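Spelled out, the chains give:
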Amino acid sequence: QVQLVESGGGLVQAGGSLTLSCVVSGSIFSVYVMTWYRQTPGNQRDLVARITGGGRTNYADSVKGRFTISRDNAMNTVYLQMNSLKPEDTAVYYCNAEISAGSGSKFSNYWGQGTQVTVSS
């Protein structure tokens, strides 16, 4: 069984910073792409930032220059450093990972439970 557990959300004033973490545990052979998404009520879940196993990253235009995604492959953990936060960054942030449970096994998508980020003006 695979689990993704996010942490680090909270309430912060505009201009402030937060760092989100997502730890992957369980029956893991390999973790490929790790992605942060965010969702506000009534809206779809949108990609925020993505990082491959080799460290290649890409970001939503709305967060470029403010957010940084990184990962610790040894710890199966992905981070999202969020700086210069804006009220429009308020959302539930979800971690997603493509995980293989064994050599030769296909990769499957897993989600965390989400962590709330609220940015006050």
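Along each chain, residues carry numbers from 1 onward, in the same order as the chain's sequence is written. Selection of residues for local features in this predicted model requires a pLDDT of at least 70, selection of side-chain atom pairs for listing and counting requires 80 or more, and totals for whole chains, interfaces and linings are taken over all residues. Side-chain numbers here rest on the full set of heavy atoms in the structure, without hydrogens or water.

K.L.:
Can you help me understand the packing of aromatic side chains in this one?
P.N.:
Two measures describe an aromatic ring pair: the distance that separates the ring centres and the angle between the ring planes. Note on aromatic contacts: the rings of Phe and Tyr and the six-membered ring of Trp form a pair at centre separations within 6.5 Å, being stacked when their planes are under 30 degrees apart, edge-to-face when over 60 apart, and tilted otherwise. Applying the stated criterion across every chain, the model contains three aromatic pairs. When the centroid spacing of 5.0 Å and the interplanar angle of 50° are considered together, the rings of Y37 and W111 count as tilted. Here the residue Y37 occupies a position in strand β4 (residues 30-39), and W111 occupies one in strand β10 (residues 107-111), the gap between them amounting to 74 residues. Each residue is placed in one exposure class: buried if its accessible area under a 1.4 Å probe, protein chains only, is under 20% of its type's maximum, exposed if it is over 50%, and partly exposed if it falls in between. The exposure class assigned to Y37 is buried, which follows from its relative accessible area of 16%. Between the aromatic rings of Y94 and W111, the centroid separation amounts to 6.5 Å while the plane-to-plane angle is 85°, which identifies the pairing as edge-to-face. Comment: elements are numbered from the N terminus, with helices defined as DSSP H or I runs of at least four residues and strands as E runs of at least two.

K.L.:
Would you mind going over the pairing of strand β5 (residues 46-51) with me for this structure?
P.N.:
Looking down a regular strand, the side chains alternate between one sheet face and the other. Between any two strands, at least two bridges found by DSSP are needed for them to pair. Relative to β5, β4 runs antiparallel, the two sharing five bridges. The residue of β5 that forms the bridge with T35 is R50. In textbook terms, the turn of a hairpin is the stretch between consecutive antiparallel strands, and for β4 and β5 this stretch comprises six residues, one of which, G42, has a positive phi near 80°. Hairpin connection between β5 and strand β6 (residues 57-59): a loop of five residues separates the two successive antiparallel strands, and G55 in this loop has a positive phi of roughly 95°.

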